[in-house]
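Remarks on the overall topology
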Amino acid sequence: MKRALTGKESPSKKIKVCDEEEEDEEETSIAAEFSHPLPWGKIEAEGLDLDYAQLFSKDEADRLFKQLEEEVEYFTGEKAQVKVFGKLYSVPRKQATYGEPGLMYSFSGVHLLARPWTPTLEHIRNTVTSATGRSFNFVLVNRYKDGHDHMGEHRDDEKELDPGCPIASVSLGAARDFVFRHRDARGAKQRRHIEPVKLELAHGSLLLMNQPTNTYWYHSLPARKRILTPRINLTFRLIICQGRKEPKPSQ
DNA sequence: CTCAAGGCACGGTG
DNA sequence: TCACCGTGCCTTGA
């Protein structure tokens, strides 16, 4: 069953979309492989549109997590640094990018070239595609070694992303809180009162961020000091074909 | 002109 | 209690 949820219904309260009727059969993985009959939950607010589902059973998610721990190679050195307010920082997590050959993803002054798909990443991508009917040519892997690792508030508004395709976020490992905040309800000049939308991303879950969510809502993965185990997050994206760079008019 | 995938200081809270 | 959490701010280049 689905639940329509908005932030204002339960101010400052974490939304639990995780199905309370825990899955019991191994049907979960079989269903995921063949079609859509996943029990999707819908989360909506002004300008926000999310779909949430349990994509993998615990056993399968455990197996995938272990495989990724062996397969994924994370960036180090300057590829693991970003520039914010003019200063260079090491990102408080580990990152990797995989996808079709030649694809590049850039943000905050870093340019990350996609490595070729690993067997496990390709398998997960196929499962996500079966469940959503969407194609993806790229995945950003974020590994949070414990609750100290986190990601600050941002939007995935990169120009190279296909605006018509949702971003599909697969979570494996430790469950972590995830927070959305409307752009007009941030900072000192809060133009409007819009409650943040908070949810917990469970082991083996899939979250779809549909349009126009990334236009109006920032999201973050806040630090949670009491969490001592790692989480791997995969955000599958559709990157627009690399057109030739526009000729610069001047300079 | 706007705004930022970072850290830090600070005050409320359980 | 005091560790943790949420918020505002930083201040420079894109």
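Residues numbered from 1 in each chain as written. Chains lettered and ligands numbered in written order. Predicted model: local features only at pLDDT ≥ 70, side-chain atom pairs only at ≥ 80, totals over all residues. Heavy atoms only, no water.

**Looking at the overall build of chain A**
Operational definition: Only DSSP runs of H or I covering at least 4 residues are called helices, and only runs of E covering at least 2 are called strands; the numbering of each starts at the N terminus. Each residue is placed in one exposure class: buried if its accessible area under a 1.4 Å probe, protein chains only, is under 20% of its type's maximum, exposed if it is over 50%, and partly exposed if it falls in between. In what follows, a contact means two residues having at least one pair of non-hydrogen atoms within 4.5 Å.
Scanning chain A from N- to C-terminus turns up four helices and 16 strands. Looking at chain A as a whole, 47% of its 251 residues qualify as buried. Taking contacts inside chain A between residues at least 6 apart in sequence as the whole, the part at least 24 apart equals 78%.

**Description of the nonpolar core**
Let me state the cut-off plainly: Residues belong to a common nonpolar core when they are buried Ala, Val, Leu, Ile, Met, Phe, Trp, Tyr or Cys residues joined through side-chain atoms within 4.5 Å.
L50, Y105, F138, F178, F180, L199 and L207 are the most contacted members of the largest nonpolar core, which has 32 residues in total. Breaking this core down by element, the ones donating at least two residues are strand 3 (48-54), strand 7 (104-107), strand 8 (110-113), strand 9 (138-144), strand 12 (176-182), strand 13 (197-201), strand 14 (205-209) and strand 15 (217-221). Excluding anything up to four places from it in sequence, F138 contacts T97, Y98, G99, L103, Y105, A114, W117, T235, F236, R237 and I239. Ranked by size, the runner-up nonpolar core spans 30 residues in total, among them L55, Y74, I124 and C165.

**Describing the side chain of Q54**
Quick note on the threshold: We define a polar contact as two N or O atoms separated by no more than 3.5 Å, with the added condition that, inside protein, one atom must be a possible hydrogen donor and the other a possible acceptor, whereas residues neighbouring each other in sequence contribute only through side-chain atom pairs.
Here Q54 shows up in strand 3. Among the polar contacts listed, one links the side chain of Q54 to the backbone oxygen of H203, at a separation of 2.6 Å. A distance of 3.4 Å separates the side chain of Q54 from the backbone oxygen of G204, its partner in a polar contact.

**Considerations on helix 3 (residues 119-132)**
Condition: Between the first and last residue of a helix there are one fewer steps than residues, each counted as 1.5 Å, and that sum is the expected span. This arc corresponds to the set of directions leading from the helix axis out to the C-beta atoms.
End to end, helix 3 covers 20 Å across 14 residues, agreeing with the expected 20 Å (1.5 Å per residue, within 8%). Buried residues of helix 3: T120, L121, I124, R125, T127, V128 and A131, and no others. The buried residues of helix 3 occupy one face: seen down the axis, they fall within an arc of 160 degrees. With its phi angle positive at about 75 degrees, G133 sits one or two positions after the end of helix 3.

**Regarding the protein's contact with DNA strand B**
Operational definition: The cutoff for a nearby residue is simple: one of its non-hydrogen atoms must lie within 4 Å of the molecule or strand. Basically, the charged four are Asp, Glu, Lys and Arg, the nonpolar ten are Ala, Val, Leu, Ile, Met, Phe, Trp, Tyr, Cys and Pro, and anything else, Gly included, counts as polar.
In the vicinity of DNA strand B there are 18 residues, among which Y105, F107, S108, H154 and Y218 approach most closely. Each atom of DNA strand B within 4 Å of the protein was assigned to sugar, phosphate or base; sugar and phosphate come to 49%. Between DNA strand B and R93, the relevant distance is 2.7 Å, taken from a phosphate oxygen to a side-chain nitrogen or oxygen of the residue. Ranked by residues supplied to the surface near DNA strand B, first place goes to strand 10 (residues 151-154) with four residues. Each residue belonging to the surface near DNA strand B can be placed in one class, and the counts come to nine nonpolar, four polar and five charged.

**A word on the packing of helix 2 (residues 58-71) against helix 3**
Going by this rule: All axes are obtained by fitting lines to C-alpha atoms, using only the stretch in contact for helices, and the reported angles, taken between N-to-C directions, cover 0 to 180 degrees. An angle below 35 degrees is read as roughly parallel, one above 145 as roughly antiparallel, one from 65 to 115 as roughly perpendicular, and any other as oblique.
Where helix 2 contacts helix 3, the two axes come as close as 9 Å, and the packing angle between them is 140 degrees. With respect to helix 3, the element helix 2 is oriented oblique. Across from E60, L64, Q67, L68 and E71 in helix 2, the residues of helix 3 making contact are P119, T120, L121, H123 and I124. Looking at the contact of helix 2 with helix 3, its residues break down into five nonpolar, three polar and two charged.

**Focus on the protein's contact with DNA strand C**
As a structural note, the neighbourhood of DNA strand C is formed by F85, R181, G187, A188, Q190, A223, R224, K225 and R226. Of what DNA strand C places within 4 Å of the protein, 77% of the atoms are sugar or phosphate. Between DNA strand C and the protein, one listed contact pairs a phosphate oxygen with a backbone N or O atom of K225 at 3.5 Å. Broken down by class, the residue content of the surface near DNA strand C amounts to three nonpolar, two polar and four charged.

**Brief notes about the sheet that holds strand 2 (residues 41-45)**
The criterion, for reference: Any two strands are treated as partners once DSSP identifies two or more bridges connecting them.
Spatially, seven strands are ordered 2-3-14-11-16-9-6 in an open sheet, and the strand pairing comes out antiparallel. With partners counted over all chains shown, the strands left at the sheet margins are strand 2 and strand 6 (94-99), one partner each. For this sheet the average axis-to-axis angle between neighbouring strands, irrespective of direction, equals 20 degrees. Inspection of the sheet shows strand 2 paired to strand 3 by five bridges, in the antiparallel sense. Looking across to strand 3, one finds that G41 is bridged to Y52.

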